[in-house]
Each structure stands twice: as structure tokens, then as C-alpha cells.
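Coordinates in review
As a plain string of letters, each chain reads:
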Amino acid sequence: MAEVATEARGTTRILDGVGVVELTDFVAGPFAGRILADLGADVVKLELPRGDSGRRSGPFAHGRPHREGAAVFLQYNRNKRGLRVDLSTQGGRRILHNLLDEADVFLSDLTPAEQEHYELRSASVRDGRPQLIVASVTPYGQSGPAADLPSTPLTRMHSAGTAHTLVRGLGAGLGRPIATGGYVNEADGGTACAIGIIAALIARGEQESGNGQIVEVSVQEAMSTLDRVDLSISRNDQALSRRSMGSGFGGRWECADGYLVAAMPQPHQWAGLVKTMGNPDWAYDADGELLDRSEHGAALNEKMQEWSSTRTREEIYHAAQANSAPIGAVFRPSEVMTSKQEEVRDFFATGDHAWAGELPYTQISALFSGTDGPPTGVAPLLGEANCELLAERLGGWSAATARRAGVA
Amino acid sequence: MAGPLSGRRIIDFTWAWAGPYGAMQLALLGAEVIKIESTTRIDHSRQRSLAAGSFGGGLNQAPMFNELNLNKRSLTLNLKTDEAKSIVRDLARISDGAIDNFRPGTLDRLDLGYEVLNAEHPNFVMVSASALGANGPERNYVGYAPTFAALAGLSYLTGQPDGPPAQMGGSIDLRAGTAAALAMLAALYHHDRSGQGQFVDASAREAIAMHMGEQFLAVAMTGEDPGRIGNEHASYAPHDVYQCGSNDDPEWVAIACRNDREWASFCAATGLTQLAADDRFRTGLRRWKQREELNRTVESWTRERSAQEAAETLLGAGVPASPTLSGDALYDDPHFKARLNSVPISPPEMADREVLAPPWRLSLTPAFIDGPAPMLGQHTREVLEGLLGYSSSKVDELEAAGVLE
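Residues numbered from 1 in each chain as written. Chains lettered and ligands numbered in written order. Predicted model: local features only at pLDDT ≥ 70, side-chain atom pairs only at ≥ 80, totals over all residues.

With respect to the overall build of chain B
Quick reminder of the rule: Secondary structure elements follow DSSP: runs of H or I of four or more residues count as helices, runs of E of two or more count as strands, with numbering from the N terminus. C-beta atoms are placed from the backbone for every residue, and two residues are taken to be in contact when these atoms lie within 7 Å.
For chain B, the helix and strand inventory stands at 19 helices and 14 strands. For chain B, the share of sequence-separated contacts (at least 6 apart) that also reach a separation of at least 24 residues comes to 69%.

This is how it looks when you write it as C-alpha cells:
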């Protein structure tokens with residue numbers, strides 16, 4: 001069987017030599033840049049003088065707020081080089097344009113009004129740079145009445161249908177809608193944007209002209225598309241959409257030390273679970289046949305709850321999976337970090353940051369047999385690569401000019 | 001139309017939700033995606049939904065299957081027969097890659113694993129997307145959306161502070177499928193540049209976990225697991241979802257004030273001027289500490305109006321707000337309509353439907369939806385005769401021998 005040995009991969013990265021200039025904030029745009037950086041792109045992250053707002057979002061390393069210690073910033077900006085620049089100055093904008101002259105990708109999260117403000121409209125940025133891929137990931141895209149409206153991760157999630165769909169999973173009917181934990185739905189915008197950018201790189205390589213193009217992603221649409229099945233059913237299949245989650249066997253059960261979940265569409269999976277429970281009589285009808293789990297779902301769920309209440313998550317998880325029953329333990333994040341499975345797969349890699357110290361960073365969720373995994377770098381300190389980039393890309397800038405542009 | 005993957009052909013061995021959506025994204029980007037199906041081992045999304053149960057229609061009438069297999073072609077094969085394996089090998093020779101979401105090792109047991117396909121087509125690209133990956137002690141474990149979310153730690157973080165963890169559904173599968181599509185695009189790009197193929201081992205659990213990496217950093221920094229906070233924020237208030245209208249037919253509006261300026265705008269726009277003057281709510285920290293009381297007052301305002309009216313009032317004043325949109329309300333939303341997010345399609349055995357547009361807008365090589373999901377085996381003959389050049393009498397023989405079931 002094909003297996004990717006984590007220590008014996010290739011010697012190159014997929015996006016080696018691809019230059020990305022990133023002007024984004026917080027989670028969605030930075031995650032798109034992080035994916036490209038993990039795949040080997042040279043990502044130069046521009047920050048305005050105040051720094052990315054992720055730098056002000058707790059928790060922080062060493063237990064106190066510090067712009068170099070914020071979990072959100074560290075996570076979403078790993079493996080990038082940092083340039084602090086004041087885009088309100090002419091000099092600052094010239095630096096950006098100089099960088100864009102040599103870049104393959106410009107990744108930003110400027111809304112239409114912000115693009116106007118900075119004179120960075122996607123089409124005009126491509127003027128004279130036919131090879132450039134100009135990508136944006138913004139809350140509501142580059143067009144439409146909401147494109148410049150104020151929003152936050154919470155309001156975006158509720159506007160996307162995500163929160164409405166998710167509440168059905170709480171098992172309490174259609175009550176107060178709920179937000180997904182963390183910033184998962186913001187990161188979804190970043191993943192969609194990274195896909196759009198790589199698709200544009202593929203398309204660029206296909207053409208003799210080598211032309212780039214404009215890639216536009218809306219965070220709201222990136223969220224909605226993940227709930228496309230529920231949203232479409234709600235629109236097109238009224239009768240089906242009124243049925244709530246939890247019909248039939250399956251759902252969530254409480255056990256001795258937490259919770260378990262499962263969906264079990266296949267008969268052999270149900271048989272495997274029954275075997276795990278020691279073939280109890282209540283799972284069979286008078287003729288010795290396994291009870292139909294759809295028809296008797298509620299009663300079987302009660303029995304399962306009774307059985308699981310005296311057992312631990314780990315005990316049931318491993319025993320059920322050994323019998324092909326797709327039971328999942330509701331793990332705490334700390335338990336994911338210490339799982340043997342993820343240790344073997346090197347899913348968490350240690351990065352050593354000058355201020356924050358050694359921390360475990362998630363990797364891309366796939367192991368590639370022919371190319372190297374992500375670099376083991378960390379997020380840049382604010383303005384960390386200013387001198388380096390001034391010398392490397394902006395030769396001819398005097399220290400005084402650079403200071404006026406906010407880069408020195 | 002020409003998408004960025006036009007001219008590429010992908011063999012799609014996937015079923016259920018995550019894998020099919022992974023392959024569908026390649027089809028939306030222009031690839032020709034040929035889904036290998038079986039009449040005896042039917043993709044369960046043609047029959048039922050984990051959330052809603054059996055929908056009661058025929059195999060070509062399932063809304064779930066349709067949403068996850070747009071733009072694809074369907075080829076039915078009984079992979080237990082040698083002739084069917086031979087067809088897959090023939091197909092591999094003229095394809096760029098393959099994607100599957102079987103339990104690791106399943107395709108190898110069918111003698112159709114990466115080594116076999118790569119021998120037919122050197123430098124083949126293959127993405128194998130499983131629940132927990134193809135190595136490690138739990139490589140044989142299986143799961144669906146609720147399992148992946150639970151194992152990744154996301155269920156634990158999702159829910160009300162005083163309630164249980166959420167049992168999560170469809171979007172989890174589609175997120176795992178999105179990560180698989182990302183991996184395929186990366187591998188195809190590498191093949192374009194280097195000529196090298198590769199095998200990619202993708203984990204659905206890790207696909208969820210990589211979208212919440214800061215939560216693991218938080219554990220390492222604080223020594224504790226973050227808790228469930230519902231719709232709240234660690235430092236902003238008001239920041240929640242509020243009921244509008246009556247208990248019989250409630251609507252909901254999400255409101256977030258991030259700073260003193262938005263708070264002042266909120267008080268002015270709602271006419272709750274007594275709040276602006278109240279010393280208990282003067283700073284962000286005070287508002288956050290008194291958020292229970294604050295939330296009651298905010299909800300007393302929202303209950304007097306519709307979610308739409310509440311959101312419009314606040315947005316007009318520069319305060320982030322949105323109604324909690326259900327599917328129908330989203331399709332009818334002016335912004336959704338202005339961006340042409342609803343695409344009409346006409347599946348052969350279903351009523352006309354509106355599905356969601358692809359989530360990327362590419363100016364030169366746009367993604368597109370050019371057809372509904374295929375009927376079971378709809379393209380079997382077309383693929384065998386048209387693509388592989390089999391004679392119609394050979395296809396008749398294969399059919400008679402049960403190879404195409």
C-alpha cells in the first residue's frame with residue numbers, strides 16, 4: 001500500500017520560487033498566505049505601522065498581551081517574511097508597487113472602498129503586470145450591496161447560513177443559532193482563496209502568454225458553499241428540510257468522561273457497534289434479527305446511552321472502531337495534540353519563535369510523497385524583514401527615504 | 001467554457017460527502033471528472049442523508065447526491081471483476097489523476113492502488129482522503145462529518161457555555177473535501193512544473209484541525225483547553241445573537257460591537273441612550289463583564305422588530321450586524337442575488353433546482369456549473385466507447401457479463 005514516510009519525502013516544495021506579496025489582516029487572508037507559504041512560496045507579508053490585528057487577539061504567550069505573542073498572529077503568519085510599511089505615504093505605496101513588479105501573486109483583503117482608497121483596484125494593479133495573479137478574500141466579495149458593510153466573524157457566519165445549519169446539531173430543535181468554535185469559518189475563506197490562487201497558477205502555466213488573472217473570494221460564500229447541501233435542500237425540498245437532525249439511530253451520547261458522536265449509515269457499522277456492546281438482547285427482535293436502527297432509533301439511542309454512561313470515551317472509541325463502527329470521541333484540543341496518531345503523522349511541528357518560544361503548529365492536512373512538507377519557520381516579528389527586503393528587492397532606497405515610507 | 005483545469009481528467013472513486021465534494025471542486029474548475037460507481041454498492045447520498053434520513057426518492061432524485069456531484073460523469077463498474085479492473089487501468093492511462101476516500105488499503109486490495117495506476121501511467125497523481133490518514137495506529141478507523149469534528153477538537157469548542165458539545169454535520173465533510181481538493185491542485189501544479197507525480201495521503205480530522213490551529217497554540221500557551229463560548233467573544237460585548245419577534249416564530253440577529261465607537265453608534269441607532277450614559281457600560285471591559293445584563297437590554301430592543309429591520313438599523317449606523325439567514329432567506333438576500341449566487345439546473349429526474357455557485361471568481365478561466373449530478377451509470381457507454389475506444393459489441397459483452405453493474 002502506498003504510504004508516505006514522513007522522514008523520506010522529496011527535496012523540493014510545490015510552490016518553490018513563487019513570490020507572493022500579501023496585504024491581509026487577522027485570519028482569512030493570512031490563512032491563504034500561510035497555506036501558500038507552507039507549500040514553499042516566498043510570502044512577503046506587509047503590515048501597516050500598527051501591525052496585523054491578529055497581534056492584539058489573545059491568548060498570548062507568557063500570559064501577557066504582546067504584539068509578538070498572539071496565538072492568532074503566530075498561527076496564521078507562519079513561514080512568511082514581514083515588512084512594515086506605511087501605505088498612507090507615497091513612498092510606502094512605491095515600495096508595494098516595486099514588490100509587485102517582481103511578484104507572481106498579490107494577495108489582499110481590501111474591500112472595494114479600501115481598494116479605491118489605496119489606489120489598488122484589482123484590474124489596475126495588473127496594468128503593466130500581465131503575469132500577476134491578483135487575489136482578494138474579503139468578507140462579502142468585490143461586488144454587491146454588502147461588499148463594504150461592516151462585519152465581524154460572528155455576523156459573517158450568521159449571514160452565511162452556517163449558524164442556522166449548525167444549531168440543528170445541538171439536538172434541541174431549532175433554538176438559538178450557534179457559532180462554530182474558533183475562527184474556523186474565517187479560515188475557510190483562506191482555504192478557498194488558496195485554491196483559487198493555485199488554480200490560477202495552473203492556468204497561467206497552461207498559456208503561452210503566461211497571463212495571470214483576478215481571483216476573487218468572499219468569506220461569506222466560502223462558508224455558504226460548505227453548507228450547500230443543507231442550504232439547497234432548505235430552498236428546493238421543503239418537506240425534507242423540515243426533518244430535524246437526530247432521526248434514526250445516531251447522534252451524541254454522554255459517557256463516563258465526556259461525549260461520543262456517531263452517524264451510522266451502513267448496516268455493517270451498526271452490526272459492528274452491537275458486537276462491541278456484547279450483542280445485547282435489546283438490539284435484536286423476537287426472530288433474532290438486528291433491529292432496524294432507523295425505525296427504532298429513539299429507543300436504541302436510549303439503550304446506547306445507558307451502555308456508554310459507565311464507560312470512557314477512549315474505551316468505546318477504540319473498541320467500536322475495531323469493529324468498523326464510525327464512533328468519534330469528543331476530544332479536547334489538548335487530547336488531539338497528544339494523540340499517538342498525530343504524533344506518528346507529524347501533524348504538529350515545533351516552531352521556535354524569538355519572543356513566543358517553542359510552540360506546536362498544525363501542518364497542512366496531507367502528506368505528499370514526492371515533495372517536502374512545510375518549512376519549520378515561524379511568524380515574522382513586526383518589520384523583521386525590513387532591512388533584508390530593502391537590500392534584496394529595493395536597492396537604491398536611502399535610509400531616509402525608507403524612514404519616510406515607514407519601513408525603517 | 002474553459003476553467004483552470006480544463007483538459008484534465010480525474011478518476012473519482014469517492015462516495016458519501018467529503019470525497020465527492022473534493023472531486024466536485026475539480027469539476028467546477030473545469031476538470032473532466034469520471035465517477036466510478038456501482039449498482040450494488042451505491043453511494044448512500046443517492047438514498048439518504050445522515051441528517052434528514054431517507055428522502056424517499058429514486059437513486060437519480062437525491063438532493064444530497066446532486067449537490068455533491070455536479071458537473072461529473074458516472075461510470076458503473078463492478079470492481080470485483082477482472083474486466084472492470086482492466087477498464088480502470090485503461091482509464092488511468094488517459095487520466096491525470098485519481099481521488100478516493102476509501103479506508104486506506106481498500107484500492108490496494110482491489111489491485112487498483114497507487115502503485116498499479118502509477119505503473120499504467122507513470123507520474124500519476126493520486127489523493128487518498130481518509131478519516132485519519134493512511135499511516136499511524138488509527139489508520140483503519142472510519143468516520144463521517146460528526147466523527148471528524150469530534151476527533152479534531154472542534155465539537156468540544158462549539159456550543160453554549162452551559163450546554164453539551166455540538167454534534168456537527170455536513171459542512172465538516174465539505175471542509176475535509178476542500179482540503180483534499182487543495183492537495184490535488186497542489187500536486188497537479190507540481191506535476192505541471194516538474195513532470196513528477198505523487199501519492200498524497202490526506203486526513204479528514206487534520207483538515208478540520210488545520211482550520212483551528214490557534215486553539216492548539218492557546219492550549220500550549222495557557223496550559224488549559226479553551227471552553228465553549230456560544231456566540232460570545234473573549235473581550236467584546238455586546239457580541240451575541242439576539243431574538244427578534246415572538247417565541248412562537250422567532251428570528252435571530254447577530255450583533256457585534258468591537259470598540260467604543262461602535263458602542264456609541266449602537267446606542268444612538270437603537271435609541272437606547274440611557275445605556276450610553278450608564279457608567280457600568282462605559283468601557284469595553286465593563287460592558288464585557290456586565291454582558292448578561294447588557295444582552296437582556298439589547299434583546300428587549302431586538303424583540304420589538306424583525307431581524308432584517310434590526311440589522312439594517314445597525315448596519316446603517318456602522319455597527320456589524322446580520323440576521324441569522326436560513327437557506328431560503330439566504331437565496332432571497334439582495335447581496336446573494338446581486339452576486340448571482342443561485343445557479344438554475346435541471347436534473348433529468350428531478351424538478352428544476354437552484355444550487356450555489358462555485359466559491360471562486362476567476363476573471364480569465366472561470367469556474368462554472370454546466371450540469372446536474374449524473375444519473376447512475378449515465379455515461380458508462382459514452383466513456384467506454386467514446387473515451388476508451390471500445391467497440392459497442394465489446395461493451396455489450398461486458399454488460400452481459402455483469403462487469404458494468
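Comments concerning the domain arrangement of chain A
Stated precisely, the cut-off is as follows: A domain assignment, automatic or from a database, supplies the domain bounds used here.
Domain annotation for chain A reports domain 1 (19-229 + 345-404) and domain 2 (251-336). The C-alpha centroid of domain 2 of chain A is placed 41 Å from the C-alpha centroid of domain 1 of chain A.

Section: the nonpolar core
Rules: To form a nonpolar core, buried Ala, Val, Leu, Ile, Met, Phe, Trp, Tyr and Cys residues must be joined through C-beta atoms within 7 Å. We call a residue exposed when 12 or fewer other C-beta atoms sit within 10 Å of its C-beta, buried when the count reaches 20 or more, and partly exposed for counts in between; the C-beta positions come from the backbone.
Within the largest apolar cluster, 247 residues are counted, with the highest numbers of intra-cluster contacts made by Leu36(A), Ile197(A), Ala199(A), Ala183(B), Leu185(B) and Val253(B). Counting residues per element, this core draws most heavily on helix 8 (residues 170-194) of chain B, which supplies 14 residues. Those residues within four positions of Ala183(B) in sequence are excluded, and the remaining contacts are Ala366(A), Val127(B), Val200(B) and Ala202(B).

A word on the sheet that holds strand 9 (residues 328-329) of chain A
Residue and element names in this part refer to chain A. In plain terms, the rule: Strands are treated as partners if at least two bridges between them are detected by DSSP. Think of each axis as a best-fit line through the C-alpha atoms, taken over the contacting stretch in the case of a helix, with angles from 0 to 180 degrees between the N-to-C directions.
With antiparallel pairing, the 3 strands of this open sheet are ordered in space as 7-8-9. Of all the strands in the sheet, the pair left with one neighbour each is strand 7 (251-255) and strand 9. Bridge analysis of strand 8 (residues 258-262) against strand 9 gives 2 bridges, and the strand direction is antiparallel. For leucine 260, the partnering residue across the bridge sits in strand 9 and is alanine 329. Those strands touched by helix 13 (residues 297-308) are strand 7 and strand 8, and its axis lies near 30 degrees from that of strand 7.

With respect to the sheet that holds strand 2 (residues 42-47) of chain A
In space, the 7 strands of this open sheet follow the order 3(A)-2(A)-1(A)-4(A)-5(A)-6(A)-14(B), with mixed pairing throughout. Both outer strands of the open sheet, strand 3 (81-84) of chain A together with strand 14 (361-362) of chain B, are each paired with one neighbouring strand and no more. Of the pairings in the sheet, the one linking strand 6 (residues 214-218) of chain A to strand 14 of chain B comprises 2 bridges and is antiparallel in character. Bridge pairing in strand 14 of chain B places Val215(A) opposite Leu362(B).

Examining the interface of chain B and chain A
Put simply, the test is: Note on residue classes: Ala, Val, Leu, Ile, Met, Phe, Trp, Tyr, Cys and Pro are nonpolar, Asp, Glu, Lys and Arg are charged, and everything else, Gly too, is polar.
In this complex, chain B contributes 131 residues to the contact, which on the side of chain A involves 126 residues. At 16 residues, the largest contribution of residues to the side of chain B that touches chain A is made by helix 8 of chain B. Its residues assigned to classes, the side of chain B that touches chain A shows 73 nonpolar, 40 polar and 18 charged. With 3 bridges joining them, strand 12 (residues 366-368) of chain A and strand 8 (residues 198-203) of chain B adopt antiparallel strand pairing. Paired with Phe368(A) across the two strands is Val200(B), which belongs to strand 8 of chain B.

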